[in-house]
Protein chains: 2
Amino acid sequence: MSGKRITMKQVAERAGVSRTTVSFVLNNTPNVNISPETRERILDAARELHYARDFAATSLATGRAHTIAFIIRQPPEELSVDAFMGGLLNGVSQAVNHAGYHVLFYAMGLNASKGAYAELIRSQRVDGLLISGPLVEDSELLDLDAEGVPLVIQGTPDVGDLPSVDVDNIASARMATEHLIQLGHRRIGMITNGPLTYTSSRDRLTGYIQALEAAGLPIDEGLIQSGEFSDDSGVQAMNRLLELPHRPTAAFVASDVVALGAIRTIREHGLRIPGDISIVGFDDIPLAQYLEPGLTTVRLPRVELGLHAGKMLMDLVEGKPVPERHLRLNTSLIIRGSAALFE
Amino acid sequence: MSGKRITMKQVAERAGVSRTTVSFVLNNTPNVNISPETRERILDAARELHYARDFAATSLATGRAHTIAFIIRQPPEELSVDAFMGGLLNGVSQAVNHAGYHVLFYAMGLNASKGAYAELIRSQRVDGLLISGPLVEDSELLDLDAEGVPLVIQGTPDVGDLPSVDVDNIASARMATEHLIQLGHRRIGMITNGPLTYTSSRDRLTGYIQALEAAGLPIDEGLIQSGEFSDDSGVQAMNRLLELPHRPTAAFVASDVVALGAIRTIREHGLRIPGDISIVGFDDIPLAQYLEPGLTTVRLPRVELGLHAGKMLMDLVEGKPVPERHLRLNTSLIIRGSAALFE
DNA sequence: TTGAAAGCGCTAACAA
DNA sequence: TTGTTAGCGCTTTCAA
């Protein structure tokens, strides 16, 4: 309709009151007594004029942007392959929008320009930061946290004590391995999701080891192979496992994508799943249920992760107490057909 | 470090110049002659003070937010299942960030509050809108477009002539069907991706029909079944196809997810793919390559779709001419093992 | 119960 | 080549 901007001034004029009064009414400012009819008049005027509060002006005057940045640091290619980010973002945006905040999205990849986080904050563009991904020890974040900047990490940072949300990788991996043990397996291989420089890789390995130890089984270094996020890396790793003089009867592969490669390799060797080798994965990617047999795996609660991370950041931003600075969500084991009794 | 805001004023003081001069230097304002040493002095001061231009103030003064809204209207659950959104968002954010703009993300679902788009624009929060998803005929968008608001649709709107980016669904479906025809199939079923109220469903059906007609094959209504986005709907549809007195030797399923259900059904009937029935899908979801046999399908260029949509919106926002208001990207047929020669 | 006015940090027209 | 100044639209203290 009208091409010109509607400001509080126009609303005030139309309602025959001052700008202040309009501001009070529109903001529902407490401790101000405005006659109901004046209030009504103002509200009507605003509605009729299609008034929308100017974001920049409000932000400038209040010093709050009511916006947070969701920064994802996985390499861009991964975003297009996996549904992880979609679920996460879905949760984050639900939590954040619910609190009346907006979400700025950044796919920074691994080589973001130094100072990018700080600039977002210094320019008052956002009130807080939510960062997901394999961040190498990022001292910039430590500094910001020390300055009191609200931020939360989705993941398990390996240094400092930044607020973070993640699944309990150790317990989850233990659960997956225990499942295999309960099925009677005694010689269980492990393929990590990534290099051990990543906390999540180390933690999942730790869970595997804990399960074996608890069951009194020996830890065999040769049974532990390193994956590197891709299905190809799963092929390599499984090949090494199969070349072992005494090969395992089962394997815990700490990433479904890596497991895909492992499974392919097993088949190429003419072996059957779960007949010859049982497999338990990790992540529960959408495709896990469509494999033949379905992949038994640990479900990663993507949406919940985002929901909790978003909520935590909102609490931080609004100065509310945060119940748990290092939140670790439980996972569940989804039992399908890829792991069976060892006989 | 310092808890207080650094403004241009501080930078000016430190460099011993006026605020205007600082503004000119920092903005690289043309047609202004500033001595190199002054410029250097200012830049140094800004750097030393960790100056970051206040976003709200700039935005208020210039009337530009340098921000766009990426609004996704698919039901939230779908976001967590498919990698489509991740790829799209990846492309969008690349294009938009590259142009120096920021992306606000909104998962609005299907029941967004009336007036949400307009409010984003009226409040000057964003300079443009990028909307993805099955939007029912949304008159609000038509109004905004008429007002001159920069916006682009990712998809194929069924009314008006809003700027949009999508794949060429008709040509893609034709290509998929032709592939089957070339393999010697004469009785080819079709399962749509969704109800025919969706433009994309209609277009893919049209492509199928065009291919048959071009090959002089009859159009058999019974061979056309309706899918509804889910794999379950694929089960139903394929069941109907298999119950036909004279069942097809091949089927074009206009959605990989729906094809998943169709494939399962075929197997449950004891039939083999591609031995008894050939299948060609649409979308190339990540899992397509992992099926046994791999799913022959039409690849949907997710990232490129986002890239082009983002670029088009940037052009619109900056008042540049838009080469093609209704951009239709080509797709490619990914040949794997699910479709074979009819013998 | 309502109004006046200062100020948030920046841009840009105008002066000098 | 650099400085002055008037807004941009809103919040909020202080008065009336």
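### Overview of the pairing of strand β2 (residues 102-107) of chain A
No. 1: Counted residue by residue, β2(A) has five buried out of six residues, so it is predominantly covered.
No. 2: With three bridges connecting them, β2(A) and strand β2 (residues 102-107) of chain B associate as antiparallel partners. In the sheet register, A:Val103 faces β2(B), and the bridge partner there is B:Phe105.

### Considerations on the protein's contact with DNA strand C
No. 1: Around DNA strand C lies a shell of 25 residues, among which A:Ser18, A:Asn33, A:Ile34, B:Met8 and B:Tyr51 are the nearest.
No. 2: Of everything in DNA strand C that lies within 4 Å of the protein, sugar and phosphate atoms constitute 65%.
No. 3: One nitrogen or oxygen atom from the side chain of B:Arg19 is found 3.0 Å from a base nitrogen belonging to DNA strand C.
No. 4: B:Ser23 is positioned such that a nitrogen or oxygen atom in its side chain is 3.0 Å from a phosphate oxygen of DNA strand C.
No. 5: Secondary structure elements with two or more residues in the surface near DNA strand C: α2 (19-27) and α4 (55-62) of chain A together with α2 (19-27) and α4 (55-62) of chain B.
No. 6: Considering only residue class, the surface near DNA strand C consists of 10 nonpolar, 12 polar and three charged.

### A word on the sheet that holds strand β8 (residues 250-253) of chain B
All names here are of chain B.
No. 1: Taken together, six strands build an open sheet; the order of strands is β7-β6-β8-β9-β10-β12 and the sheet is mixed. In the strand order of this sheet, the two ends are held by β7 (224-225) and β12 (332-334), each with one partner.
No. 2: With three bridges joining them, β8 and strand β9 (residues 278-283) adopt parallel strand pairing. When the bridges of β9 are listed, Phe-252 appears paired with Val-280.

### Details of the interface of chain B and chain A
No. 1: Counting residues at the interface gives 48 residues for chain B and 48 residues for chain A.
No. 2: Summing both partners gives a buried area of about 4100 Å² for chain B against chain A, and 59% of it is carried by carbon and sulfur.
No. 3: Seen at the junction of chain B and chain A, the total is zero salt bridges.
No. 4: The interface formed by chain B and chain A holds 11 residue pairs in polar contact (both at pLDDT 80 or more) in total.
No. 5: Split into classes, the residues belonging to the side of chain B that touches chain A amount to 23 nonpolar, 13 polar and 12 charged.

### A look at the protein's contact with DNA strand D
No. 1: As a structural note, the neighbourhood of DNA strand D is formed by 25 residues, with A:Met8, A:Tyr51, B:Ser18, B:Thr20 and B:Asn33 the closest of them.
No. 2: Atoms of DNA strand D within 4 Å of the protein belong to the sugar or the phosphate in 62% of instances, the rest to bases.
No. 3: Here a phosphate oxygen of DNA strand D sits 3.2 Å away from a polar atom, N or O, in the side chain of A:Asn27.
No. 4: The separation between a phosphate oxygen of DNA strand D and a polar side-chain atom of B:Thr38 is 3.0 Å.
No. 5: Secondary structure elements with two or more residues in the surface near DNA strand D: α2 and α4 of chain A together with α2 and α4 of chain B.
No. 6: Considering every element that reaches the surface near DNA strand D, the biggest residue donor is α2(A), with five residues.
No. 7: Taken together, the residues of the surface near DNA strand D sort by class into 10 nonpolar, 12 polar and three charged.

### Section: the sheet that holds strand β1 (residues 67-72) of chain A
No. 1: The strand order β11(A)-β5(A)-β4(A)-β3(A)-β1(A)-β2(A)-β2(B)-β1(B)-β3(B)-β4(B)-β5(B)-β11(B) describes an open sheet built from 12 strands, whose pairing is mixed. Every other strand in the sheet has two partners, leaving β11 (326-329) of chain A together with β11 (326-329) of chain B as the edge strands with one partner each. Taken pair by pair, the neighbouring strands of this sheet meet at an average axis angle of 20°, ignoring direction.
No. 2: Where β1(A) lies against β2(A), six bridges are found, and the strand directions are parallel. From the neighbouring strand, A:Thr67 faces β2(A), where its bridge partner is A:His102.

### Examining the relation of the copies chain B and chain A
No. 1: Overlaying chain B on chain A yields an RMSD of 0.2 Å, the required transformation being a rotation through 180° with an accompanying axial translation of 0.1 Å. Between the two chains, the operation in question is that of a two-fold axis.

### Focus: the pattern of salt bridges
Residue and element names in this part refer to chain A.
No. 1: Summed over the entire model, instances satisfying the criterion amount to 27 salt bridges over all chains.
No. 2: Note that Glu-140 and Lys-114 form a salt bridge whose closest N and O atoms lie 3.7 Å from each other. Of this pair, Glu-140 sits in helix α8 (residues 139-146) while Lys-114 is found in the loop between β2 and α7 (116-122), placing the two residues 26 residues apart along the sequence.
No. 3: Note on Lys-114: relative accessible area 64%, which makes it exposed.

### So, the domain arrangement of chain A
All names here are of chain A.
No. 1: Taken domain by domain, chain A holds domain 1 (8-53), domain 2 (64-167 + 303-329) and domain 3 (169-300).
No. 2: Centre-to-centre, using C-alpha coordinates, domain 2 lies 30 Å away from domain 3.
No. 3: Counting from both sides, the interface comprises 10 residues of domain 2 and, opposite them, nine residues of domain 3.
No. 4: Roughly 750 Å² is buried in total at the junction of domain 2 and domain 3, and carbon and sulfur atoms are behind 60% of that figure.

### Some remarks on the environment of A:Leu183
Residue and element names in this part refer to chain A.
No. 1: With respect to the helices and strands, Leu-183 occurs in the loop between α9 (169-182) and β6 (188-191).
No. 2: With a relative accessible area of 15%, Leu-183 lands in the buried category.
No. 3: Along the chain, Leu-183 and Pro-36 lie 147 residues apart, while their C-alpha atoms are 71 Å from each other.
No. 4: What Leu-183 contacts, discounting residues up to four positions off in sequence, is Ala-339, Ala-340, Leu-341 and Phe-342.

### Considering the packing of aromatic side chains
No. 1: In this structure the tally under the stated criterion is seven aromatic pairs over all chains.
No. 2: With 5.2 Å between their ring centres and 85° between their planes, A:Tyr198 and A:Phe229 make a pair best called edge-to-face. Of this pair, A:Tyr198 sits in the loop between β6 and α10 (199-214) while A:Phe229 sits in the loop between β7 (224-225) and α11 (231-242), placing them 31 residues apart in sequence.
No. 3: Taking relative accessible area as the criterion, A:Tyr198 reaches 26% and is therefore assigned partly exposed.
No. 4: Overall, A:Phe229 belongs to the partly exposed group, its relative accessible area being 34%.
No. 5: One Lys or Arg, A:Arg204, reaches over the ring of A:Phe282 and ends 3.7 Å from the middle of that ring.
No. 6: A cation over a ring is seen here: B:Arg125 above A:Phe55, with NZ or CZ 3.7 Å from the ring centre.

### Focus: the packing of α9(A) against α10(A)
Residues and elements named next belong to chain A.
No. 1: The geometry of α9 relative to α10 is characterised by a closest axis approach of 7 Å and an angle of 40° between their N-to-C directions. Taken together, the axes of α9 and α10 lie oblique to each other. For the crossing formed where α9 meets α10, the hand is right-handed. Mapping the contact onto sequence places Asn-169, Ile-170, Ala-173, Arg-174, Thr-177, Glu-178 and Ile-181 in α9 and Ser-200, Asp-203, Arg-204, Thr-206, Gly-207, Tyr-208, Gln-210, Ala-211 and Leu-212 in α10.
No. 2: The class makeup of the residues in the contact of α9 with α10 is six nonpolar, six polar and four charged.

Conventions adopted
Residues numbered from 1 in each chain as written. Chains lettered and ligands numbered in written order. Predicted model: local features only at pLDDT ≥ 70, side-chain atom pairs only at ≥ 80, totals over all residues. Heavy atoms only, no water. Buried < 20%, exposed > 50% of the residue type's maximum accessible area, 1.4 Å probe, protein only. Helix = DSSP H or I, 4+ residues; strand = E, 2+ residues; numbered from the N terminus. Pairing = 2+ DSSP bridges. Near = heavy atom within 4 Å. Polar contact = N/O pair within 3.5 Å; in protein donor to acceptor, adjacent residues only side chain to side chain. Nonpolar A, V, L, I, M, F, W, Y, C, P; charged D, E, K, R; others polar. Contact = heavy atoms within 4.5 Å. Buried area = accessible area lost by both parts, 1.4 Å probe. Salt bridge = Lys/Arg side-chain N within 4 Å of Asp/Glu carboxyl O. Axes fitted to C-alpha atoms, helices over the stretch in contact; angles between N-to-C directions. Least-squares fit on C-alpha atoms with pLDDT ≥ 70 in both. Domains from an automatic or database assignment. Phe/Tyr/Trp six-rings, centres within 6.5 Å; stacked < 30°, edge-to-face > 60°. Lys NZ or Arg CZ within 6 Å of the ring centre and 35° of its normal. Parallel < 35°, antiparallel > 145°, perpendicular 65-115°, else oblique. Left-handed = near helix turned anticlockwise from the far one by under 90°.

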